[in-house]
Each structure stands twice: as structure tokens, then as C-alpha cells.
Amino acid sequence: VLLDNFHDARKDSKAKTKAMEAKERRRQKQLNSPLDPLLLRLCEDFMDEEDLKKRLRALFKILDSDNVEYLDSSRFRAGMKKLDFNPKIDLSESDWIGLTSCANLDQDVKLQFDDFHALIRGQMRQYTQARLSSSSES
């Protein structure tokens, strides 16, 4: 009986581990951009437009640790690294160039809050479209 219980417990443990691994593989498969962990959280958590704007303003303040009221490439990238995400958000200079060019901004731009808001909203839109597209393909 003890051996049967041990065997059953081990089998349950393996099944849980496999389920967790499969869930993590699915999550990793959905992540295509370095910003995806942030975008996923924002898309899942916000209630309405006003709530999203408040969240983005709070994020902007965190990233603008020097209170200069703008984000350039180095501030944006350094701030993103400090956020608590798994996997970590590690943006390269080419990622920054891609983000700013998608938002029709110059790569040397100093993002004020309105630019940051528009950039993240555009990224959220692309992220949502990509997820919808990949889920319809499955």
C-alpha cells in the first residue's frame, strides 16, 4: 500500500511538472518582442482607458527615475531592465530604434509622457493583433 501511494504521488508530481512546463512553453511561444512581458501584463490588467493611462503614467514615473520628464533611449532601456518581469526586459539599441520608428518618432527623441503613451498603446495594439493571429492559426 505504501509503495502504491508513493507511486501515485510520484505520478501526480510528474503530471504537475509536465503541465507547468507546457504552460511555460506556451507562454514563451507568445513572447516575440522584448516588451511582450510588459504588454501582456498591461493587456490583462487594465480596466478601461482611464485606468490604462494611470498605469502608464505610473510606469513613466518609474522609468523617469531622475524626474527630468522625458525618456531617452538609455533611460528607457535601463528602466525596463529594473522592472520585475520574467523574462527580464532587456532592450537593445536596435530594439529602441524599432520601437521609435514604429511610432513614427526619431530614434534620438526624448519621449514625453504623451509620446510614451502613444508608443506603448501602439505596441499593445500590435501585441494583441499578433496574439489573435497566432491563436486563430492554432
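About the thresholds
Residues numbered from 1 in each chain as written. Predicted model: local features only at pLDDT ≥ 70, side-chain atom pairs only at ≥ 80, totals over all residues. Heavy atoms only, no water. Helix = DSSP H or I, 4+ residues; strand = E, 2+ residues; numbered from the N terminus. Buried < 20%, exposed > 50% of the residue type's maximum accessible area, 1.4 Å probe, protein only. Salt bridge = Lys/Arg side-chain N within 4 Å of Asp/Glu carboxyl O. Core = buried A, V, L, I, M, F, W, Y, C linked by side-chain atoms within 4.5 Å. Contact = heavy atoms within 4.5 Å.

(A) Unusual backbone geometry, seen in detail. Of note, the bond from N86 into P87 is cis; its omega dihedral lies within 30 degrees of zero at 5°. The residue P87 is located in the loop between helix 4 (73–82) and helix 5 (93–102) in this model. The backbone of N67 shows a phi angle near 55°, a positive value even though the residue is not glycine. Locating N67 in the fold gives a position in the loop between helix 3 (49–63) and helix 4. The exposure class assigned to N67 is exposed, which follows from its relative accessible area of 60%. Even without being a glycine, E69 presents a positive backbone phi close to 65°. Within the secondary structure, E69 is located in the loop between helix 3 and helix 4.

(B) Spotlight on the pattern of salt bridges. Counted under the stated rule, the structure contains six salt bridges. Here E49 and R121 are joined by a salt bridge, their closest N and O atoms 2.4 Å apart. Separated by 72 residues along the polypeptide, E49 in helix 3 and R121 in helix 6 (residues 113–137) bring together distant segments of the chain. On the basis of relative accessibility, which here comes to 24%, the residue R121 falls in the partly exposed class. A salt bridge links D72 to R75, with the shortest nitrogen-to-oxygen separation between them at 3.5 Å.

(C) Focus on the nonpolar core. The biggest cluster of nonpolar side chains holds 27 residues, and the ones touching the most others in it are F76, M80 and F116. Of all the secondary-structure elements, those providing two or more residues to this core are helix 2 (36–45), helix 3, helix 4, helix 5 and helix 6. A total of six residues in this core trace back to one element, the largest contributor, which is helix 6. Beyond its immediate chain neighbours, meaning those up to four positions away, F116 contacts L56, L59, F60, L63, L71, F76 and L111.

(D) Quick look at the environment of L71. By secondary structure assignment, the location of L71 is in the loop between helix 3 and helix 4. Taking the relative accessible area as the measure of exposure, L71 reaches 0% and is therefore buried. As for L71 and K110, which are separated by 39 residues in sequence, their C-alpha atoms are 5.3 Å apart. In contact with L71, other than residues within four places in its own chain, are F60, L63, D64, F76, W96, V109, K110, L111 and F116.

These values are about where atoms sit, not about what they do.
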